Amino acid sequence: MSQVTLLGEVSQWNQETCQQELKTVLPKLVAMHHDTESWEDHTNILQIITSKFLPHLSLSESETGCFSTVLPKVVKVFASLLEEISKQIGGLSSQNTELHVFLRNILKMMVQILESLSGCVRHVNSFEESVSFDTIRSLPSCILRILKDTFQHCKDSEVMYSGRLSLVGDLLQGLFKEAYSLQKGLMELLDKINLEDTASEEDVSDIVTVIHSLLDICSIISRLDIALHANTWKCIIKQSVKYQSLVEDQLHHTDIAASLCEDLCTSVQNCLELAHQIQQTGLQEVVHCPEYRLFQKATKMCRFFANTLVHYTKEFKAFLTKSCCRFHQLYLQIHSKFPPSVCAPSVPPALSEELRVAVLVPMDAMLTQLMSFQPFAESVLNPDHQSSTELCLPQCLLLVNVLGKLSSQPGEALRLWSDGSQFSEETPRWSVFEAVLQSFRQCMLERALPVWLPGVMLRGQAQGRVSLHKHVCVHMCACVGVLPAQHFPPLERSLLAAVLQADTQTAVLATDVWCFLARYGTAELCFHHVLLIAHMIRSCPGEGYQLFHLALLLRRLLFLMTPRHQVEFVERFPPSQEENLCVWRHILLRCLCVEARIQVEKEVLAMASVVLQEWQNSGHRLGDIPRLNRILGCVLLVIGGSSLQAECVLSSVKIISQLWSHMSSNQVQDHPPLQCTVKLLLSLSAFLIKSLEPQVIVQAVSCLNGLPIQKCSDDLLLAALEFLASTGKVFFPPNIQV
């Protein structure tokens with residue numbers, strides 16, 4: 001019987017006849033299918049095999065009797081059909097009728113092949129018994145290869161067919177619809193498969209191949225169909241978790257995690273674009289516009305991808321070491337899309353909040369999961385990490401979020417974040433405190449605007465909007481409040497490093513936290529810190545931001561010391577020793593107890609008298625002026641204190657009067673150190689103006705009158721204004737008023 005005759009006859013058979021002739025005819029049809037070179041014959045034979053004879057094969061016979069012998073040829077034929085389309089597509093036009101018909105026939109054959117494969121899947125799914133890979137080994141791999149090629153063709157069709165898409169659009173829609181149905185059936189089939197823990201290496205390899213093939217398909221269909229995309233991801237995660245103990249060592253976890261991250265970012269961007277379109281419509285009630293329903297669907301996808309990522313991370317965290325940098329970047333990218341980020345797109349607040357809940361809540365749960373994972377901590381705390389301008393604030397907020405979670409972490413995780421890298425062989429990482437302060441320093445734009453963040457709850461009430469400085473400060477202090485004492489050293493090192501760097505606002509933030517630490521800790525801890533800072537001030541080589549920041553910290557900490565420790569501090573750093581003057585010139589005496597303040601006033605003024613006398617004995621040597629200025633700075637602090645004693649006033653007036661008598665405007669112009677002396681004398685005179693003799697005031701005004709104002713420094717001019725303003729408090733005799 002010829003091939004044509006056999007096919008014609010078999011096509012007329014009913015199911016009963018097909019069952020009776022199964023053993024005889026099926027092998028002939030399989031051989032004909034294998035040998036034929038005609039695409040049309042191949043498609044017809046495949047349809048006959050799958051529709052008339054496959055239903056009569058048992059599950060165990062399907063693989064050997066049909067799938068393993070027929071499906072490899074199906075893959076080759078399908079690939080050749082796609083290749084032929086690529087070759088001929090350039091000549092397609094409505095005028096080229098012959099080519100138009102030819103290409104449509106090819107697309108029809110592709111649809112028929114997909115229908116035949118769907119028949120194979122329905123056949124296997126019809127069995128109630130459990131399915132093993134042995135009985136269908138050839139089926140999933142064949143279907144997945146063809147599905148991938150089909151979806152790729154549909155995705156490329158707009159470009160491939162260009163302006164001729166309308167000529168084949170109906171068939172492409174049918175092709176996609178049939179592929180959609182085939183994949184849905186395959187995923188249902190995968191649910192029926194159950195592998196035991198004793199499964200063979202071949203079975204494990206097959207399921208791994210299936211998961212990776214579905215991952216490839218996901219990257220293709222992400223913009224083709226939302227539902228199919230989501231269902232494919234569900235299948236990937238379900239199969240991965242279902243066979244976790246078998247496949248976890250072989251899965252491409254980095255690729256899976258990267259794809260999930262990319263899909264989440266894309267979905268969030270889609271939502272924001274839809275929200276922007278809704279905003280442009282200008283509607284007051286956004287829920288009534290048709291775009292809002294699309295926004296809700298897109299938001300649902302965002303929630304799905306975020307939750308899926310959380311689930312996958314929880315199950316396979318140990319295998320995601322290489323993905324931690326991507327997770328870190330994802331967190332920053334997502335947060336940069338929402339207020340208070342200055343780069344966040346302008347969208348209706350209600351829609352932004354809806355999307356925030358859908359995405360940021362799962363992202364926070366993911367952060368909690370990764371807190372104890374060292375590779376993630378190393379990525380976040382990497383000293384070499386450089387954030388772009390739009391990611392500086394998200395990095396800072398990420399670290400603040402970490403601070404809030406530390407108290408609930410086990411000891412090892414707390415050490416991981418709090419202590420930084422301890423040994424040279426470790427991957428370098430900051431402590432979280434150092435990282436927070438460094439990231440705050442990078443947020444120059446956000447501090448300048450400034451941006452506003454939600455305040456913490458206090459007695460059940462939100463504290464409104466607060467600055468970034470206050471937001472970071474409150475959370476750092478809250479963390480310090482529950483931090484075990486053994487983690488104080490890295491905290492103290494981080495605070496000190498921040499105080500010694502150039503950015504003043506960061507130094508002030510570190511000072512705020514340091515003061516909380518001093519109040520929260522013991523009095524001995526505060527005293528120890530004051531001694532340390534005083535030694536550092538004494539070691540500073542000259543005027544500069546380090547000295548300014550340390551002096552600010554010292555002044556604030558002195559207020560927190562006990563009277564006993566203040567007295568002891570005066571004894572440790574007596575003002576009567578010149579090497580300590582650099583410490584006392586930066587201290588506010590009103591922060592000291594009465595006993596300590598009286599001792600400081602006494603020693604400073606006594607020291608000033610000695611220095612002044614030595615300067616006079618040296619013949620007013622100009623080289624001694626810096627030494628004189630140092631003690632005058634301390635005298636200024638003394639008389640600026642409250643409740644100044646009468647003898648202190650007299651001593652100060654005597655010193656001021658003697659110095660004004662030796663100040664010459666010509667010398668002041670020629671010698672810059674003398675300008676500093678005049679500045680200090682003007683400030684001292686302003687404080688004690690009522691106690692100065694009129695002649696002394698005349699000397700001060702005469703010196704000031706001889707200075708070229710345009711060449712004077714700003715601080716000297718300010719001191720002059722302060723002095724001139726103070727002269728309004730006293731009456732001058734007529735003979736000197738001019």
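Only a predicted model underlies this, so the values are computations on that prediction, with no experimental measurement involved.

A. Geometry of the overall build of the protein. Along the protein, the regular secondary structure elements total 36 helices and 4 strands. Taken over the C-alpha trace, the protein has a radius of gyration of 41 Å; the compact-globule value for 738 residues is 27 Å, which it surpasses by more than 25%. Its C-alpha atoms put the protein at 140 × 60 × 50 Å along the principal axes. Within the protein, the fraction of its 738 residues that count as buried is 50%. Residue pairs at least 24 apart in sequence account for 76% of intrachain contacts in the protein once pairs closer than 6 positions are excluded. Split by element, the accessible area of the protein, about 33900 Å² in all, is 53% carbon and sulfur.

B. Fine view of the packing of helix α5 (residues 59-88) against helix α6 (residues 97-125). Following both chains from N to C, one finds α5 and α6 inclined at 160°, their axes separated by 11 Å at the closest point. Regarding the angle of α5 to α6, the classification is roughly antiparallel. Here α5 and α6 pass one another in a crossing that is left-handed. Residue composition of the contact of α5 with α6, by class: 21 nonpolar, 3 polar and 1 charged.

C. Spotlight on the side chain of Thr511. Its location among the elements puts Thr511 in helix α24 (residues 504-520). Among the polar contacts listed, one links the side chain of Thr511 to the backbone oxygen of Ala507, at a separation of 2.8 Å. If sequence neighbours within four positions are ignored, Thr511 has contacts with Val499, Leu552, Leu553 and Arg556.

D. Spotlight on the pattern of salt bridges. Counting across every chain of the model gives 24 salt bridges. Between Arg538 and Glu579 there is a salt bridge; the shortest N-O distance is 3.9 Å. Linking Arg538 in helix α25 (residues 523-539) with Glu579 in the loop between α27 (563-572) and α28 (581-584), this pair joins segments that are 41 residues apart in sequence. The exposure class of Glu579 is partly exposed, given its relative accessible area of 49%. Note that Glu578 is salt-bridged to Arg627, the shortest N-O span being 2.6 Å. Remark: Arg627 occurs in helix α30 (residues 625-639) and Glu578 occurs in the loop between α27 and α28; sequence separation between them is 49 residues. Accessibility expressed as a relative area gives 30% for Glu578, which makes it partly exposed. Look at the salt bridges and you will find they share partners, linking Asp134, Arg137, Glu202, Asp203 and Asp206 into a network.

E. Examining the side chain of His469 more closely. Assignment of secondary structure puts His469 in helix α22 (residues 468-482). Here His469 falls in the buried class, since its relative accessible area comes to 16%. Here Asp512 takes part through its side chain, which lies 2.8 Å from a polar atom of the side chain of His469. In contact with His469, other than residues within four places in its own chain, are Phe440, Gln505, Val508, Leu509 and Asp512.

F. Here's a closer look at unusual backbone geometry. Of note, the amide linkage connecting Pro339 to Pro340 takes the cis form, showing an omega dihedral of 10°. Structurally, Pro340 is set in the loop between α15 (324-335) and α16 (349-370). Going from Leu449 to Pro450, the amide bond is cis rather than trans, its omega being -10°. As for its placement among the helices and strands, Pro450 is situated in the loop between α21 (444-448) and β1 (452-454).

Conventions we followed
Numbers given to residues run from 1 along each chain, matching the order in which its sequence is written. Where totals are concerned, whole chains, interfaces and linings use all residues; where local detail is concerned, this predicted model gives features only for residues with pLDDT of at least 70, and gives and counts side-chain atom pairs only at 80 or more. By convention in this description, side-chain values take in all heavy atoms of the structure and omit both hydrogens and water. The secondary structure listing takes helices from DSSP runs of H or I that are at least 4 residues long and strands from runs of E that are at least 2 residues long, numbered from the N terminus. For the radius of gyration, the atom set is restricted to C-alpha positions; the globular benchmark scales as 2.2 Å times the number of residues to the power 0.38. Think of it in three bands: with a 1.4 Å probe and only protein chains considered, a residue is buried below 20% of the maximum accessible area for its type, exposed above 50%, and partly exposed in between. Any two residues having at least one pair of non-hydrogen atoms within 4.5 Å are treated as being in contact. Only the protein chains shown count as cover for residues, with accessible areas throughout obtained via the Shrake-Rupley method and a probe of 1.4 Å. Axis lines are fitted through C-alpha atoms, for helices just across the contact stretch, and the angle between N-to-C directions can take any value from 0 to 180 degrees. Here is the rule for angles: anything less than 35 degrees is roughly parallel, anything more than 145 is roughly antiparallel, 65 through 115 is roughly perpendicular, and the remaining ranges are oblique. Crossing chirality is assigned from the near helix's rotation relative to the far helix, an anticlockwise turn below a right angle marking it left-handed and a clockwise turn marking it right-handed. Think of it as three bins: nonpolar holds Ala, Val, Leu, Ile, Met, Phe, Trp, Tyr, Cys and Pro, charged holds Asp, Glu, Lys and Arg, and polar takes everything else, Gly as well. For the purposes of these results, a polar contact is taken to be a pair of N or O atoms within 3.5 Å, where, inside protein, one atom must be able to donate a hydrogen and its partner to accept one; residues adjacent in sequence count only when each atom of the pair is a side-chain atom. Think of a salt bridge as a Lys or Arg side-chain nitrogen and an Asp or Glu carboxyl oxygen that are within 4 Å of each other.

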